[in-house]
Each structure stands twice: as C-alpha cells, then as structure tokens.
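Coordinate analysis (summary)
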There are 2 protein chains.
Amino acid sequence: MSKTASSQAQVPEGLLLPVPGLDYGVLDELLGYALRRAQNALYLDFYRATEGLDVSPQRFAALVLVARNPGMRQGLLAQAMGLHRSGALRLTDWLTEQGWAERRDDPSDARSWGLHLTAHGRRTLAKLEQLVRAHDQALLQGLGERGSALKADLERLAWVATAAAQPIPPAKPTKTDRRPKP
Amino acid sequence: MSKTASSQAQVPEGLLLPVPGLDYGVLDELLGYALRRAQNALYLDFYRATEGLDVSPQRFAALVLVARNPGMRQGLLAQAMGLHRSGALRLTDWLTEQGWAERRDDPSDARSWGLHLTAHGRRTLAKLEQLVRAHDQALLQGLGERGSALKADLERLAWVATAAAQPIPPAKPTKTDRRPKP
DNA sequence: TATTGTTATACTCTATAACTATA
DNA sequence: TATAGTTATAGAGTATAACAATA
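Fair warning: this is a prediction, and the values are worked out from it, not measured in the lab. (Residues numbered from 1 in each chain as written. Chains lettered and ligands numbered in written order. Predicted model: local features only at pLDDT ≥ 70, side-chain atom pairs only at ≥ 80, totals over all residues. Heavy atoms only, no water.)

Digging into the side chain of His116(A)
Mapped onto the elements, His116(A) comes out in strand β2 (residues 113–117). Side chain to side chain, His116(A) and Arg104(A) meet in a polar contact 3.5 Å long. (Helix = DSSP H or I, 4+ residues; strand = E, 2+ residues; numbered from the N terminus. Polar contact = N/O pair within 3.5 Å; in protein donor to acceptor, adjacent residues only side chain to side chain.)

Printed below as a string of structure tokens:
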C-alpha cells in the first residue's frame, strides 16, 4: 500500500471573469473558452456548496462510483475517471485514509482489490449528494427553461469532440468487475 | 527575472468517457458532471488540433490577451486569467523563453512591465488562431443548429454560478493599464 | 506474455510568504 | 502604507518506468 496520499483539497483557480476594458479578441468567439469560463465558475461554486467537507469534484465522483459499483477494481476506477493507474492509487489511498472506503480482497483475482465504501463513507456521501444535488438544482433554476437543453447539448458536445479526436472509437471491450471477459 | 519556467506542455488527463456497464448514479444527472466531461473532451481535442505547437489552452489565451492589449501588466494578465501573480510570472517567463513575448519598461510605473508580443509571437499566434478557429468551427458544425445557443447558455451558466458564489459582486474598480484610476 | 497494483520519481500547475523596488 | 514583480518553497495532480505477484 502506498504512503503518499495527500490530505487537503485546494481550490486551484481564482475567478475567471471578463475584465471590463480588456480586449479578449478571438477568445470571446470560441465555444471552448465559454466552456472554460463556465467550468471555472462551477468549480469554485462546488467548493462553496460543499464547504467544510474537504472534497473536490473528482473525489466526489470517485465516492459515487465506488458506492454504486461495490467491489470495483482500482483499474476500472482509473478508466472511468480518465486517470492513470497510479492516479487511481492515490485517489484510493486518500479515500481509505479518510475512512470512507476500504480495499478488500477480490475473490476472482488475487492481484486485484475490490473497493467498497465504509459506513462512514456512505454517511458522508449521503450528505454530499444532498449538497451537490441542491447546488445543481440551483444552477438549473438560474438557467430557466434552457437548463435541461444545456445538459443534453453538453453531452453531445463531449461526443462530438471525442469523435473528432478519435475518428475510430476504440473497439476494446469495456469490462466491468462483474462481467467476465467475452 | 525568474529562471524556473517549464518548457513542455503536457496533456494532463486521459479520456473521460462513460464506461458501459458502470453505474454512475447521480453523476449522470448533474449538469456539473456533463460540463466536466465536455471540457475534458475539448481539452484533449485542443491538443490534437494544435499538435506540434506545444501550446496549452491557457497559454493560447495568454498569447491572445497580450496581442490584443499590448503593454498590459503581468498583474492584469493574472486577473484576466484567474491566476495568482506568481502564476502570471511563470506564464510570462514561458512566453518570453519561447521568444513569443517580451517585457518592456512601463513608462507610467517603474515597478511594472509592459508585455508585448514579438514578431515571432505574432506569427505563431496567427497560425494558432487559424487552427483554433477551425477546431471550434468543426465543433459548432458537429452540434448543428444548437451550437450558438450552447455558447450563450454557457455564458449564462458562468454568470449564474458566479452570482451564486458571490451574492454581492466585488465593487472594486477594474482598472486596465491604460485607464487611470477613477 | 499480459495484467494489476505498487513504488519511486519527475514535471506541471497553483498557492503562500517573504523580499525588493517603487508609488 | 500599499502595490508590482520576484524568489523560494510547498502542495496537489498527473505522468512514466520499473518491479512483484498473479493470470
């Protein structure tokens, strides 16, 4: 087991607002820059909404994934979160140190761990989910009728950008921890 | 002048695609998570579109800002990009090392630098702008009619999230390098 | 021979704090 | 006293490479 997990989440960026009087040139026309501004604002707002619980959006996502897929391997967590294996290790270490998750032997593969939430982890996640849901609802409400359309458009955008980057999507069979290889 | 600027941009994250068979729970319902997935995809696609030029989205933004606002101070660059002063320093160092920007004395304040692009920087930016514009256009085209609505919605979302985080926007006068204090 | 998790290490990005020069 | 830039340092996140155990 590793010993290098970190203990404190930290807001990495300040507010990214248009500065009056500055000329942003092409940036103001780019979808990509609008996306960056929105994500920056949401990121800061996430920390405000979950203040005191010391959880980053990424760590929240990991908690949800382990909760909904008990017994999942670290490697699968890495794949789901777009991380290298070593990144999933650090993340798992951190969750374990918080007392929120634990590694158990995977009966089907002695090399692997099965990840599970502890009772403490489940309680924390319940609190977090409530805060994050409320936070998201507030945003949607602020957007009005276009909120749900925005979410669908974002999903489509992710798909379009991925297709552009990878003309042929990888045909690798995606295996979960519960389904045997084909 | 500092000596610690880095030389290589690096793609920090792998692909963040939904893994079939995994249960994402609340994540699939959250606007914030959809936004994260979209930004991840666009980030990777940006690197593909500008391959070989070794520029991150952030560095591209800095180039544009300095080009459109010649003589701007480092502190203003930091403010525009949501960075700490020390971050703007590193960024400026990097641009300078590439030979794309230079620091000149600011005639109005001996403490400050005025930032300017070099001829090399302007040529590089011209190339980059072309690639980035084409990249963005391709995304918009992939989105069809909803593309422009998406951009507007993202701008609104950034505003809503910022308003939520800061009920009272800071009344600090935003000064550029060309306008005297009120 | 390939995969899983681990260890060690390095690099990037960001921040804080203390410092210098100037306002 | 406050501001602009710098320096030094630290923390978090990510990656690569080599390794042991297992498949």
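Here we look at the environment of Thr124(A)
Residues and elements named next belong to chain A. Relative to the helices and strands, Thr124 resides in helix α5 (residues 119–143). The class for Thr124 is buried, based on a relative accessible area of 5%. Distance in space between the C-alpha atoms of Thr124 and Trp100 is 7.7 Å, their sequence separation being 24 residues. (Buried < 20%, exposed > 50% of the residue type's maximum accessible area, 1.4 Å probe, protein only.)

As for the interface of chain B and chain A
Each partner contributes residues to the interface: chain B has 70 residues there, and chain A has 70 residues. Of the roughly 6,800 Å² buried between chain B and chain A on both sides combined, carbon and sulfur atoms contribute 68%. Applying the counting rule to chain B against chain A returns six salt bridges. Two residues, Asp153(A) and Arg146(B), come together in a salt bridge whose shortest N-O distance is 3.1 Å. Where chain B touches chain A, the interface holds 17 residue pairs in polar contact (both at pLDDT 80 or more). Elements supplying a minimum of two residues to the side of chain B that touches chain A: α1 (31–49), α2 (57–68), α3 (74–81), α5 (119–143) and α6 (147–165) of chain B. Per element, the largest residue contribution to the side of chain B that touches chain A is 14 residues, and it comes from α6(B). Here the side of chain B that touches chain A is composed, by residue class, of 37 nonpolar, 15 polar and 18 charged. (Contact = heavy atoms within 4.5 Å. Buried area = accessible area lost by both parts, 1.4 Å probe. Salt bridge = Lys/Arg side-chain N within 4 Å of Asp/Glu carboxyl O. Nonpolar A, V, L, I, M, F, W, Y, C, P; charged D, E, K, R; others polar.)

Here's the deal with the side chain of Glu129(B)
Of note, Glu129(B) is situated in helix α5. You can call Glu129(B) buried: its relative accessible area is 19%. Excluding its chain neighbours within four sequence positions, the residues that come into contact with Glu129(B) are Val26(A), Phe60(B) and Val64(B).

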